[in-house]
Amino acid sequence: DHVVAIERNANVVGAQFSLTELLRRDYWGLPMHGSGWTNKSFRPLTTLTFRWNYLLHGLNSSGFHATNVLLHCIASWFVGQTASVLLGLPGTWAALASAFFGVHPIHTENVLYLVGRADVLAALFGTMAISLYSVLFCPRPASEDVVAGMRPGAQWDLARNTMLLVLPALLAVASGLCKETGFTLFALFMLMELLDYIAVYTKATRRGLQIPNRMRRRRRLRVGLLLLTTVSVFIARYRHTGGTSLNMSPQDNPISYETSKTVRVLSYAYLHGVYAKLLVWPQFLCYDYSMDAIPSVHTVLDCRLLLPLAAYTGLFAAVAAAARAPPEPRRAALISLALLLVPYLPASNILFPVGTVIGERLLYIPSAGFCLVVAVSLSRQFGWTKVAVAVPACIGSAVGAGRRGNKAGGAEAARLRKAADANAALGRAVYAMQRRQAPTVVLAACGALALLSIRTILRVLNWQSSDVLFIHDGHLQPTSSKTQFNLGITYMQRNEYDDAVAALVRCAHADPLSSLPFYRIGQIEIMRGNYASAERWLSAAIDKFGASLMVRDEEVFHDLAVAMFQNGRVDAAERRLRIALQMNPDFAKGWNNLACCLAARSLRDASRASERAVALEPNNPQYWANVALLARHSGD
C-alpha cells in the first residue's frame, strides 16, 4: 500500500505542493470525486507528514520508518500522561501503562508498515485532546470546594471560559484528519462531562447541598457546544468527501457478502473475539486475514464462538467491577473502557461493514484504552494511592457540639471517632498487605513486559524486509488469498517457479473470483515456455474480478495474446491486443506485438503499428529493430 499512498501519490512526491490537491484527494492519492475508484479515506495531515519526509530525504524508507518509531514513542509517552492527568494514576502505574503500550506486539504493523502512521498520529492527537479537556473542564477529582459551592479552585476558574473548548476540539479534529477513528473521541469528552456531573451531584446530594446554577449553566453550555461541534464536523466531512463509499469486494470482507443475517452476526461476533485475543494474547500475528483465513460461522454450535463469549464476559465483568468501585477508580476505569470500545466501533462491523476482516493496525487507539484498563485494574487491586486517613468534617461538628454540653453530640462524636479508628486500622492493614505484595506485582509486571518485548522483537524481525515478511506469513497463513499471492510473487521474483505456482494455486483456491493469481500463473507459464497452460490460466483471468491498482487490465489481455500467438492462434491474439489498445491507446508494448500479428497479413499495417510503438517509447531498441526489419521486408 505504501507504493500507492507514497510513491505514486502526487501530494507526496509531486514537484509542486498544492493545498487544493491535498484536500481533494484521498489517502491513496486518488480523486475523491469522479468516476474513479476511491474509498474516501480523507487523511490530509498524515499525507502532509509523508510530504515532509519526502522533502527531507526523498523516498529513502529509513527516514519514513524512523519517523514512525519516533511518533510511536511520543504516543506511548502521551498514554502515560493520559493515565496520570486524566485518570489520576500514580506515576508508577502511569509508567506501566505507557510501557505496556510501547512494547505491545500488536503495534508492530502500525510502526513498520508505513501507511500505519495514520493510526499513530490519530492516537497522539487524541490522547492530547482528552487529557487537555480533562485539565480544562473535568479535573480529577471533583473539588470538595466546588461541591460545596464555596471557593472555586484555579482549575475550575479555567472552566468558566468556555472558549477554551476550542483547543481540545481542534486536537480531536486533527486526530480525525489523521485517521477517521479520531473523530470518535468527541464521545469521550461527553462521557467525562457525564461522569463528572454524576460525581458532583452525588457528593452534593449526600451533604444536602445544591449545585450552583453557574456550574449547571457552564456544563450545559459546554455539552451543547460539544454536540454542535461533533455534528458540524461529521456533516462537514460528509459534504467534503461526498460520503464514505466502501466499494468493497468479496476479497476485502467476504462476511458482508453472506446472504444469511445469522451467519453475518455470528461471524462478526467471532471477529470481536479475535480482536480481543490479539490484545490479550498476541501470539499469532499476521499482516492479512482475508478470505478463508477466517471462515464464516454458520451455527451457534461452532466452538469458535467460545472466544467472543469469553471476550463479552470479560467486558461485562470489567464494567460491573468499575461500577462497584469507589468514585475515583470508577471514573478512571469507565474512561479507560470507553477509550477501548469507542474507537473500536468503526472497525467492529456493528455500525456498518468495513473493508477488511481483521486489521491489526486498527487496534492502535483501542489498545491504549486496553493498557489503561490493565493499569487501572492493577492499581485498584494493589493500591490506588498510598492510604491516608482523613477525619470526616462531620466529626468536627459533633465534637464541637459535645464540648458545648450537647450529650447527643458527644455520643455521636464518640461513635464517629470509633468508626474512624476502625477505618484507619483497616486502611493500615490493607496498606501493609499491599506492601508485602509489591515485589510480586513488580516481578509479574516486569515478566509481562519482557514477554511482550520478546514477542515484539520476533515480530519486528519478520518485518525486516518484504521478502522475509511474505515468506514467513505466507507459510503461517496458508488460507489467506493475499498472503499466498504475495508469497507466490516473492518466489516468482526469485525464479523459484514451482513454489510460486503452488502458492498462487492456493491463492486462486481461496479467492477464485480474483484475476490476479490466474494472471501471474499465466505469466510464469509463458516464462517457462508452457504456452498452452499459459493460455488456459490467462483466459480464466480475463473473466474474473480485476485489481487495477495492482495490474492494469490491458496487461492481462496482452499476455493472453502472447500465449495465443505462440500457440498459433494469430487472429485470436490480434483481437485480444486490439482490446488491450482500446483500454490504453498509449500501450507501446501492445502496438509492438500487434505489429507481429499483422506482419503475415499486411506489412503496411504492421509497419504503422510498429512505428506507433517507437513513437511512444523511442528509447526501446527492440521496437526500432522491429521497425527496421519490417522496412527491409517491405522494401522501404
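Residues numbered from 1 in each chain as written. Predicted model: local features only at pLDDT ≥ 70, side-chain atom pairs only at ≥ 80, totals over all residues. Heavy atoms only, no water.

Summing up its helical and strand segments, the protein chain has 29 helices and 0 strands in all. Out of the 636 residues in the protein chain, the part that is buried amounts to 48%. Across the protein chain, every contact between residues at least 6 apart in sequence was considered, and the portion connecting residues at least 24 apart equals 68%. Summed over its atoms, the accessible surface of the protein chain is roughly 30600 Å², and 62% of this surface lies on carbon and sulfur atoms. (Helix = DSSP H or I, 4+ residues; strand = E, 2+ residues; numbered from the N terminus. Buried < 20%, exposed > 50% of the residue type's maximum accessible area, 1.4 Å probe, protein only. Contact = heavy atoms within 4.5 Å. Areas by Shrake-Rupley, 256 points an atom, 1.4 Å probe, with all protein chains shown as cover.)

This part covers helix α16 (residues 327-341). Taking 1.5 Å per residue, 15 residues should reach 21 Å; α16 reaches 21 Å between its end C-alpha atoms and fits that length. P329, R331, A332, A333, I335, S336, L337, A338, L339 and L340 are the residues of α16 that are buried. Contacts from the buried residues of α16 go to α8 (117-137), α12 (186-206), α14 (261-280), α15 (306-324) and α17 (364-382). (Expected span 1.5 Å × (residues − 1).)

This part covers the side chain of N110. Of note, N110 is situated in helix α7 (residues 108-112). Given a relative accessible area of 0%, N110 falls into the buried group. Within the structure, N110 has its side chain in polar contact with the backbone oxygen of R361 (distance 3.1 Å). (Polar contact = N/O pair within 3.5 Å; in protein donor to acceptor, adjacent residues only side chain to side chain.)

With that settled, the discussion passes to the nonpolar core. Core analysis: the biggest nonpolar cluster contains 57 residues, and L87, Y133, F186, F189, M192 and L339 have the highest contact counts within it. Setting aside residues up to four positions removed in sequence, L339 forms contacts with I130, L185, L188, I365, P366, A368, G369 and L372. (Core = buried A, V, L, I, M, F, W, Y, C linked by side-chain atoms within 4.5 Å.)

So, on to the side chain of S481. On the secondary structure map, S481 appears in helix α21 (residues 481-493). Residue S481 is classed as buried on the basis of its relative accessible area of 4%. Excluding residues that lie within four positions of it along the chain, S481 makes contacts with S290, M291, C507, A510 and D511.

The next subject is the packing of helix α27 (residues 588-598) against helix α28 (residues 603-616). Interaxial distance between α27 and α28 falls to 8 Å at its minimum, and their mutual angle equals 165°. If you check the angle between α27 and α28, you find them roughly antiparallel. By crossing handedness, the relation of α27 to α28 is classed as left-handed. Of α28, the residues touching α27 (which contributes A588, W591, N592, L594, A595 and L598) are L603, D605, A606, A609, S610, R612, A613 and L616. (Axes fitted to C-alpha atoms, helices over the stretch in contact; angles between N-to-C directions. Parallel < 35°, antiparallel > 145°, perpendicular 65-115°, else oblique. Left-handed = near helix turned anticlockwise from the far one by under 90°.)

Turning our eyes to something else, we now look at a nonpolar patch on the surface. A cluster of nonpolar side chains, L345, I350, L351 and F352, forms an exposed patch at the surface whose accessible area comes to about 380 Å². Mapped onto the elements, L351 comes out in the loop between α16 and α17. (Patch = residues over 30% accessible without salt bridge, like charges linked within 9 Å, V, L, I, M, F, W, Y side chains within 5 Å. Salt bridge = Lys/Arg side-chain N within 4 Å of Asp/Glu carboxyl O.)

Turning our eyes to something else, we now look at the environment of V297. Relative to the assigned elements, V297 resides in the loop between α14 and α15. Looking at V297, the relative accessible area reads 0%, which means it is buried. Sequence separation between V297 and V263 is 34 residues; the distance between their C-alpha atoms is 5.8 Å. Setting aside chain neighbours within four positions, we find V297 in contact with V263, L266, S267, Y270, D302, R304 and L305.

As a further point, take α28. Counted at 1.5 Å a residue, the expected span for α28 with its 14 residues is 20 Å, and the 20 Å between its end C-alpha atoms agrees. Tucked inside the fold, the buried residues of α28 contact α27 and α29 (621-634).

Aromatic ring pairs are described here by two measures, namely the spacing of the ring centres and the angle between the planes. A complete count under the given rule lists 15 aromatic pairs for this structure. Here F50 and F64 contribute two aromatic rings whose centre-to-centre distance is 6.2 Å and whose plane-to-plane angle is 50°, an arrangement assigned as tilted. Of the two residues, F50 is situated in helix α4 (residues 44-57) and F64 in helix α5 (residues 61-85); the sequence distance between them amounts to 14 residues. Like F64, F50 is buried. (Phe/Tyr/Trp six-rings, centres within 6.5 Å; stacked < 30°, edge-to-face > 60°.)

Glancing now at the pattern of salt bridges. Overall, the coordinates contain 18 salt bridges when judged by the stated rule. Of the charged contacts, one joins D498 and R528 as a salt bridge, the two residues approaching to 2.7 Å between their closest N and O atoms. In this pair, D498 is assigned in helix α22 (residues 497-510) and R528 in the loop between α23 (516-527) and α24 (531-541), connecting sequence segments 30 residues apart. Taking relative accessible area as the criterion, R528 reaches 31% and is therefore assigned partly exposed. With its nearest N and O atoms 3.2 Å apart, the salt bridge here joins R528 to E525. Here the salt bridges do not stand alone but share partners, grouping E193, D196, R219 and R222 into one network.

This paragraph deals with the environment of L598. Within the secondary structure, L598 sits in helix α27. Sequence separation between L598 and S610 is 12 residues; the distance between their C-alpha atoms is 10.0 Å. Residues in contact with L598, not counting those within four places in the same chain, are E574, R578, L603, D605 and A606.

Okay, unusual backbone geometry next. The phi dihedral of N349 is positive, around 70°, even though this residue is not glycine. Exposure remark for N349: the relative accessible area of 9% places this residue in the buried category. Even without a glycine there, the phi angle at N495 is positive, about 65°. Note on placement: N495 falls in the loop between α21 and α22. Taking relative accessible area as the criterion, N495 reaches 53% and is therefore assigned exposed.

A few words on the confidence of the model for the protein chain. With 84% of its residues at a pLDDT of 70 or more, the protein chain shows a mean pLDDT of 85. Ignoring residues within four places in sequence, the model shows residues 148-158, a span with pLDDT below 50, making 18 contacts including any to other chains. In this model residues 385-404 is a low-confidence stretch, pLDDT under 50, and it forms 20 contacts with partners more than four residues away in sequence or in other chains. (pLDDT = per-residue confidence, 0-100.)

A word on the packing of α21 against α23. Axes are the key here: two packed helices are described by the angle between their axes and the distance separating the axes. In contact at an axis separation of 11 Å, α21 and α23 are set at 15° when each is read in the N-to-C sense. Of the possible angle classes, the one that applies to α21 and α23 is roughly parallel. Judged by the twist between their axes, the crossing of α21 over α23 is left-handed. Contact residues: F485, I489 and M492 in α21; L516, P517, R520, Q523, I524 and M527 in α23. Of the residues assigned to the contact of α21 with α23, the class counts are 7 nonpolar, 1 polar and 1 charged. (Nonpolar A, V, L, I, M, F, W, Y, C, P; charged D, E, K, R; others polar.)

Topologically, W93 is positioned in helix α6 (residues 91-103). Expressed as a C-alpha distance, the spacing of W93 and G80, which sit 13 residues apart in the sequence, is 8.4 Å.

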